[in-house]
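What follows is the residue order along each chain.
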Amino acid sequence: GFFQSYAVEVDIKDASNATCLYADWMMRFLITYESNNGDYKTTTLNLSSSVTHNGSVCGNDTQAALVAVQFGEGHSWSINITKTNETYQGDFITLTYNTNDTAVFPDAKRKGPVTVLVKDPLHPVQLNTVFVCHNSYFIEAENITQIFWNVTVQAFVQNGTVSKKETRCPADRPTSAPTVPPTIANVTTASTTTLSPAPTTAPKPVENPDTGNYSLKSGNKTCFLATVGLQLNVSQDKPLLININPKTTVADGACGNTTATLKLNDGNSTLIGF
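What you are looking at is a predicted structure, and each value in this text was computed from that prediction instead of being measured.

Novice: I keep staring at the sheet that holds strand 19 (residues 260-265) and nothing clicks. Help me out?
Specialist: Either a parallel or an antiparallel arrangement is found when strands of a sheet pair, and the pairing is made through backbone hydrogen bonds. In space, the three strands of this open sheet follow the order 18-19-20, with antiparallel pairing throughout. Whereas interior strands pair on both sides, the edge strands pair on one side only; in this sheet they are strand 18 (250-255) and strand 20 (271-273). Pairwise comparison of adjacent strand axes, ignoring direction, gives a mean angle of 15° for this sheet. Pairing between strand 19 and strand 20: three bridges, direction antiparallel. Within strand 20, the position partnered with Lys 263 by the bridge is Gly 273.

Laid out in structure tokens, this is it:
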């Protein structure tokens with residue numbers, strides 16, 4: 001599914017009212033929890049339209065910077081950012097979700113706040129450089145998948161002005177296209193001097209997806225089996241077809257007494273839950 005999410009913007013000022021830390025991003029969370037009857041359910045926790053950032057701090061040479069946000073019915077998220085002589089880097093990400101929020105966690109067996117700590121996997125960023133990542137990237141830990149996109153962050157801002165120099169995440173960096181011998185179907189001409197128009201060719205149809213075999217175990221017994229070929233058809237400005245490659249797709253999830261959850265992650269920012 002495609003869920004509505006809200007962007008978060010945090011602009012922290014120092015004692016002289018100059019910006020020392022700026023962050024603007026979107027995120028959501030996929031959380032698997034146990035219900036009262038022993039089933040495991042996967043829910044989506046989105047940011048609400050009202051977000052506070054109490055506790056966020058600038059940081060300095062000896063103290064880590066902190067971006068902390070609070071949202072919804074007792075949920076919060078934070079990341080502390082450390083500084084070296086030439087770079088800054090996210091250290092630990094802390095998510096606290098509140099299963100008393102029955103709209104998000106209906107019939108949750110465990111009540112109250114649950115806190116999960118995970119190491120930020122991203123690489124250091126040069127000081128006086130803003131980190132930008134438009135594409136989605138995922139951080140998985142325990143029973144939670146954190147999803148981030150449209151991220152702009154700069155810690156330890158100098159002179160109160162966010163830098164125009166960017167460091168892009170790996171997902172945003174262009175990849176070299178493989179060398180393919182030109183054919184009528186794939187040749188592209190930037191300019192032409194021919195007087196007659198080039199013949200139009202129909203776009204190459206997307207092939208059927210390969211069939212994958214996915215399974216889950218409960219103890220030493222298999223509790224979930226799926227043999228399926230998967231193709232996503234996303235309707236945006238132009239239809240987008242995505243085949244899920246079973247060779248690069250990892251199955252995860254959990255089985256309960258009456259409900260089983262299968263999560264498929266293809267390693268290319270596509271996550272599907274059944």
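The structure having been displayed, the exposition proceeds.
Novice: How do you make sense of the pairing of strand 19 when you look at a structure like this?
Specialist: Each regular strand carries side chains that alternate between the two faces of the sheet. In terms of burial, strand 19 is a largely internal element, five of the six residues being buried. Both strand 18 and strand 19 contribute to a ladder of six bridges, which runs antiparallel. Across the sheet, residue Cys 255 finds its bridge partner in strand 19, namely Ala 260. Connecting strand 18 to the antiparallel partner strand 19 that follows it, the hairpin turn spans four residues.

Novice: What is the right way to read the packing of aromatic side chains from this model?
Specialist: Aromatic ring pairs are reported here in terms of the distance separating the ring centres and the angle at which the planes meet. Here the structure, examined in full by the defined rule, presents six aromatic pairs. For the pair Tyr 137 and Phe 148, a centre-to-centre distance of 5.4 Å together with 25° between the ring planes defines the contact as stacked. Taken as a pair, Tyr 137 in strand 11 (residues 137-141) and Phe 148 in strand 12 (residues 144-155) lie far apart in primary sequence, 11 residues in all. The pair formed by Tyr 137 and Phe 148 is uniform in burial state, with each residue classed as buried. Stacked on the ring of Phe 92, the Lys or Arg Lys 119 has its end atom at 4.9 Å from the ring centre.

Novice: Is there a simple way to explain the environment of Cys 58 in this structure?
Specialist: Summarising the element assignment, Cys 58 is placed in the loop between strand 4 (51-52) and strand 5 (65-71). In this structure the C-alpha to C-alpha distance between Cys 58 and Ala 155, which are 97 residues apart in sequence, comes to 7.5 Å.

Novice: Please clarify how the pattern of salt bridges should be interpreted in this entry.
Specialist: Any two side chains of opposite charge can pair, given that their charged atoms come close. On inspection of all chains with the given rule, the structure shows six salt bridges. A salt bridge links Asp 91 to Lys 119; its shortest N-O distance comes to 2.7 Å. Placement of Asp 91 in strand 7 (residues 87-98) and of Lys 119 in strand 8 (residues 113-119) is noted, with a sequence separation of 28 residues between them. The class for Asp 91 is buried, based on a relative accessible area of 16%.

Novice: Can you help me understand the state of the cysteines in this one?
Specialist: Such a bond, covalent and formed between the sulfur atoms of two cysteines, is termed a disulfide. Counted under the stated rule, the structure contains three disulfides. Between Cys 20 and Cys 58 runs a disulfide, and the two sulfur atoms are separated by 1.8 Å. The sign of the S-S torsion, about -65°, decides the handedness of the disulfide formed by Cys 20 and Cys 58: left-handed. Here the residue Cys 20 occupies a position in strand 2 (residues 19-34), and Cys 58 occupies one in the loop between strand 4 and strand 5, the gap between them amounting to 38 residues. Cys 20 sits in the buried class, given a relative accessible area of 7%. Disulfide partners in the chain, listed by the sequence order of the bonded cysteines, are 1-2, 3-4, 5-6.

Procedures and definitions
- Residues numbered from 1 in each chain as written.
- Predicted model: local features only at pLDDT ≥ 70, side-chain atom pairs only at ≥ 80, totals over all residues.
- Heavy atoms only, no water.
- Pairing = 2+ DSSP bridges.
- Helix = DSSP H or I, 4+ residues; strand = E, 2+ residues; numbered from the N terminus.
- Axes fitted to C-alpha atoms, helices over the stretch in contact; angles between N-to-C directions.
- Buried < 20%, exposed > 50% of the residue type's maximum accessible area, 1.4 Å probe, protein only.
- Phe/Tyr/Trp six-rings, centres within 6.5 Å; stacked < 30°, edge-to-face > 60°.
- Lys NZ or Arg CZ within 6 Å of the ring centre and 35° of its normal.
- Salt bridge = Lys/Arg side-chain N within 4 Å of Asp/Glu carboxyl O.
- Disulfide = S-S within 2.5 Å.

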